[in-house]
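# Architecture at a glance
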There are 2 protein chains.
Amino acid sequence: MGEEPGKRRTTVLINGQNYVISGKADVSHIHEVANFVDQKMKEMRKINPYLDKTQLAVLTAVNISDEYLRLRRQMEQERKKRDGEN
Amino acid sequence: MGEEPGKRRTTVLINGQNYVISGKADVSHIHEVANFVDQKMKEMRKINPYLDKTQLAVLTAVNISDEYLRLRRQMEQERKKRDGEN
């Protein structure tokens, strides 16, 4: 996803601003992702109401990456454990 | 992670700006997460050099969330499959 040229373009609203997302993903998946980010930014703003928009977005990216990297590690461990069993 | 009070505080550099991350996580995990976000922002800036800092951070959060939600779905499917086998 992102702004690659020549792909399907979908406009989404995140933190009050429109973004054009282009990629091969389903429109429903793109909206799910955008809603997820919007929700995470809302939660972050509640905890830290004095952050500017950039800080809010960066710290939201940090929080999502924290969850992502933990999940990836957990998945690798589950796979290793499963491979050990077989 | 984020800016919760009363937790260990670690300063990280993301896209040329310092952020204080507080939480119970290991300092090494916090640095891994910060480096991951910084790297993703660099990749996004290469593709889209004309984005402002907020747009760059939001679209980076979108890309990471895309990966995260795909991984989460994949993990759920693997678990379901495994539970079906047992």
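Quantities reported herein were computed from a predicted structural model and do not represent experimental measurements. (Residues numbered from 1 in each chain as written. Chains lettered and ligands numbered in written order. Predicted model: local features only at pLDDT ≥ 70, side-chain atom pairs only at ≥ 80, totals over all residues. Heavy atoms only, no water.)

Okay, the pairing of strand 1 (residues 8-14) of chain B next. All names here are of chain B. Alignment of strand 1 against strand 2 (residues 17-23), held across seven bridges, turns out to be antiparallel. Paired with Thr-10 across the bridge in strand 2 is Ile-21. Linking strand 1 back to strand 2 in an antiparallel pair, the connection comprises two residues, with Asn-15 at a positive phi of about 50 degrees. (Pairing = 2+ DSSP bridges. Helix = DSSP H or I, 4+ residues; strand = E, 2+ residues; numbered from the N terminus.)

Under the 1.5 Å per step criterion, the end-to-end length of helix 2 (residues 53-85) of chain A is 48 Å for 33 residues, consistent within 8% with the ideal 48 Å. You can read the cap of helix 2 of chain A off the contacts: a side-chain oxygen lies 3.0 Å from the backbone nitrogen of A:Thr54, and it is on A:Asp52. (Expected span 1.5 Å × (residues − 1). Polar contact = N/O pair within 3.5 Å; in protein donor to acceptor, adjacent residues only side chain to side chain.)

Attention shifts here to unusual backbone geometry. Residue and element names in this part refer to chain A. Phi is positive for Asn-15, close to 50 degrees, though the residue is something other than glycine. Considering the arrangement of structural elements, one finds Asn-15 in the loop between strand 1 (8-14) and strand 2 (17-23). For Asn-15, a relative accessible area of 16% gives the class buried. (Buried < 20%, exposed > 50% of the residue type's maximum accessible area, 1.4 Å probe, protein only.)

Here we take up the interface of chain B and chain A. Every contact between the two is made by 40 residues of chain B and, on the other side, 40 residues of chain A. Of the roughly 4,100 Å² buried between chain B and chain A on both sides combined, carbon and sulfur atoms contribute 68%. Measuring nitrogen to oxygen at the nearest pair gives 3.4 Å for the salt bridge that ties A:Glu78 to B:Arg82. Scanning the region where chain B abuts chain A turns up 13 residue pairs in polar contact (both at pLDDT 80 or more). Of all the elements, helix 2 (residues 53-85) of chain B adds the most residues to the side of chain B that touches chain A, at 24 residues. (Contact = heavy atoms within 4.5 Å. Buried area = accessible area lost by both parts, 1.4 Å probe. Salt bridge = Lys/Arg side-chain N within 4 Å of Asp/Glu carboxyl O.)

Turning our eyes to something else, we now look at the confidence of the model for chain A. Residues and elements named next belong to chain A. Chain-level pLDDT for chain A is 91 on average; 92% of the residues reach the 70-or-more range. Between the elements of chain A, mean pLDDT differs from a low of 92, seen in strand 2, to a high of 97, seen in helix 1 (residues 27-47). The ipTM value of the predicted complex is 0.89, and its pTM value is 0.89. (pLDDT = per-residue confidence, 0-100.)

Remark: helix 2 of chain A packs on helix 2 of chain B, axes separated minimally by 9 Å, with the N-to-C direction vectors making an angle of 25 degrees. One finds that helix 2 of chain A runs roughly parallel with respect to helix 2 of chain B. Regarding helix 2 of chain A and helix 2 of chain B, the two cross each other, and that crossing is left-handed. By residue class, the composition of the contact of helix 2 of chain A with helix 2 of chain B is 14 nonpolar, six polar and 12 charged. (Axes fitted to C-alpha atoms, helices over the stretch in contact; angles between N-to-C directions. Parallel < 35°, antiparallel > 145°, perpendicular 65-115°, else oblique. Left-handed = near helix turned anticlockwise from the far one by under 90°. Nonpolar A, V, L, I, M, F, W, Y, C, P; charged D, E, K, R; others polar.)

All told, the structure shown has two aromatic pairs over all chains when counted by the stated rule. Judged by centre distance (5.7 Å) and plane angle (35 degrees), the rings of A:Phe36 and B:Tyr68 are tilted. With A:Phe36 in helix 1 and B:Tyr68 in helix 2, this pair bridges two chains. Looking at A:Phe36, the relative accessible area reads 15%, which means it is buried. The exposure class of B:Tyr68 is buried, given its relative accessible area of 6%. (Phe/Tyr/Trp six-rings, centres within 6.5 Å; stacked < 30°, edge-to-face > 60°.)

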